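In case you want the letters, here they are:
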Amino acid sequence: MNAIVERVRAAQDAVTRISAIPLLVRAAIFVTALVGFAVAFPAEVLIGRPLLFLAVAALLPAVGPRRVWPTFAALVMVGGWLLATDGYGRPVALWRLLAVAALLYLGHSLCALAALLPYDGVVDAGLISRWLLRVAAVLLGTAVLGVLLLRVAGLGGEAGHQWVTVLGLLVAVGVAALLGWLLRRR
């Protein structure tokens with residue numbers, strides 16, 4: 001019983017010491033994941049109980065950015081994208097594809113930042129702005145390059161390729177597994 005009381009006191013102490021910027025970064029993770037789910041999932045799914053599930057799935061990476069929850073939220077977002085395009089027959093729109101990709105990257109980057117920031121850390125706002133400027137530069141460069149490559153290749157328009165999405169997901173999972181194996185090997 002003493003262990004439970006000590007954990008509750010430690011949690012209360014941590015809540016009283018939390019500073020504003022780490023809390024704002026975690027709130028940004030929640031909002032980014034929730035907006036990503038809204039963009040990825042079809043509108044018919046975003047009514048009722050699934051919305052509660054998606055809100056919890058968006059909250060988990062904000063609470064535990066060092067754990068498996070950011071990956072879980074990203075897989076839910078990709079699953080929503082696949083459900084919208086395959087299950088509901090939505091055409092692959094370039095704006096939606098770029099938005100989902102940008103929100104995935106932004107959520108990932110914010111989770112990496114939140115994993116480094118202690119709850120009670122005093123953080124300069126310049127650090128956060130420089131971090132977000134780098135993220136914006138990567139997103140802008142990727143979007144411009146992606147659109148240019150689509151135009152050069154003659155792809156795009158209304159015809160989407162489902163197998164490319166699945167292949168990209170498999171490559172991402174494979175890279176994550178390889179990095180996890182390399183990390184455990186050290």
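Residues numbered from 1 in each chain as written. Predicted model: local features only at pLDDT ≥ 70, side-chain atom pairs only at ≥ 80, totals over all residues. Heavy atoms only, no water.

Colleague: Quick one: what's the story with helix α5 (residues 94-116), residue by residue and with numbers?
Modeller: End to end, α5 covers 33 Å across 23 residues, agreeing with the expected 33 Å (1.5 Å per residue, within 8%). Residues Arg96, Val100, Leu103, Gly107, Ser109, Leu110, Cys111, Leu113, Ala114 and Ala115 constitute the buried set of α5. (Helix = DSSP H or I, 4+ residues; strand = E, 2+ residues; numbered from the N terminus. Expected span 1.5 Å × (residues − 1). Buried < 20%, exposed > 50% of the residue type's maximum accessible area, 1.4 Å probe, protein only.)

Colleague: Any details on the packing of helix α2 (residues 20-40) against α5? Residues and values, ideally.
Modeller: Contact geometry of α2 with α5 gives a least axis separation of 9 Å together with a crossing angle of 160°. Taken together, the axis directions place α2 and α5 in an arrangement best described as roughly antiparallel. Considering the relative orientation of α2 and α5, their crossing is left-handed. Where α2 abuts α5, its residues Val25, Arg26, Ala28, Ile29, Thr32, Val35, Gly36, Val39 and Ala40 lie against Arg96, Ala99, Val100, Leu103, Leu106, Gly107, Leu110, Cys111, Leu113 and Ala114. (Axes fitted to C-alpha atoms, helices over the stretch in contact; angles between N-to-C directions. Parallel < 35°, antiparallel > 145°, perpendicular 65-115°, else oblique. Left-handed = near helix turned anticlockwise from the far one by under 90°. Contact = heavy atoms within 4.5 Å.)

Colleague: Describe in detail the side chain of Thr85, supporting the description with residues and values.
Modeller: Structurally, Thr85 can be placed in helix α4 (residues 69-87). For Thr85, a relative accessible area of 10% translates into the label buried. At 3.3 Å, the side chain of Thr85 forms a polar contact with the backbone oxygen of Leu82. (Polar contact = N/O pair within 3.5 Å; in protein donor to acceptor, adjacent residues only side chain to side chain.)

Colleague: Account for the packing of aromatic side chains, naming residues and giving values.
Modeller: By the definition in use, this model includes 2 aromatic pairs. Their ring planes at 85° and their centres at 6.3 Å tell us that Phe37 and Phe41 sit as a pair that is edge-to-face. Between Trp69 and Phe72, the aromatic rings sit 5.8 Å apart at their centres with planes inclined by 85°, giving edge-to-face as the arrangement. Here Trp69 pairs with Phe72, and both are found in helix α4, just 3 residues apart, close to one helical turn. Looking at Trp69, the relative accessible area reads 30%, which means it is partly exposed. With a relative accessible area of 29%, Phe72 lands in the partly exposed category. (Phe/Tyr/Trp six-rings, centres within 6.5 Å; stacked < 30°, edge-to-face > 60°.)

Colleague: So what about the environment of Leu150? Which residues, and what values?
Modeller: Relative to the elements of secondary structure, Leu150 occurs in helix α6 (residues 125-153). Owing to a relative accessible area of 27%, Leu150 belongs among the partly exposed residues under this scheme. When the C-alpha atoms of Leu150 and Leu94 are compared, they prove to be 10.0 Å apart, with 56 residues separating the residues in sequence.

Colleague: Which residues make up the confidence of the model for the chain, and what are the values?
Modeller: With 92% of its residues at a pLDDT of 70 or more, the chain shows a mean pLDDT of 86. Mean pLDDT values for the elements of the chain range from 79 in helix α7 (residues 162-185) up to 94 in α2. (pLDDT = per-residue confidence, 0-100.)

Colleague: Residues and numbers for the pattern of salt bridges, please.
Modeller: Going through the model one piece at a time under the given rule, you end up with 3 salt bridges. Between Asp120 and Arg17 there is a salt bridge, and its shortest N-O distance comes to 3.0 Å. Of this pair, Asp120 sits in the loop between α5 and α6 while Arg17 is found in helix α1 (residues 2-17), placing the two residues 103 residues apart along the sequence. We classify Arg17 as partly exposed; its relative accessible area is 45%. The partner of Glu44 in a salt bridge is Arg90, and the shortest N-O contact between them spans 2.8 Å. Residue Glu44 is found in the loop between α2 and α3 (49-63), and its partner Arg90 is found in the loop between α4 and α5; the two are separated by 46 residues along the sequence. When its relative accessible area of 44% is taken as the criterion, Glu44 is described as partly exposed. (Salt bridge = Lys/Arg side-chain N within 4 Å of Asp/Glu carboxyl O.)

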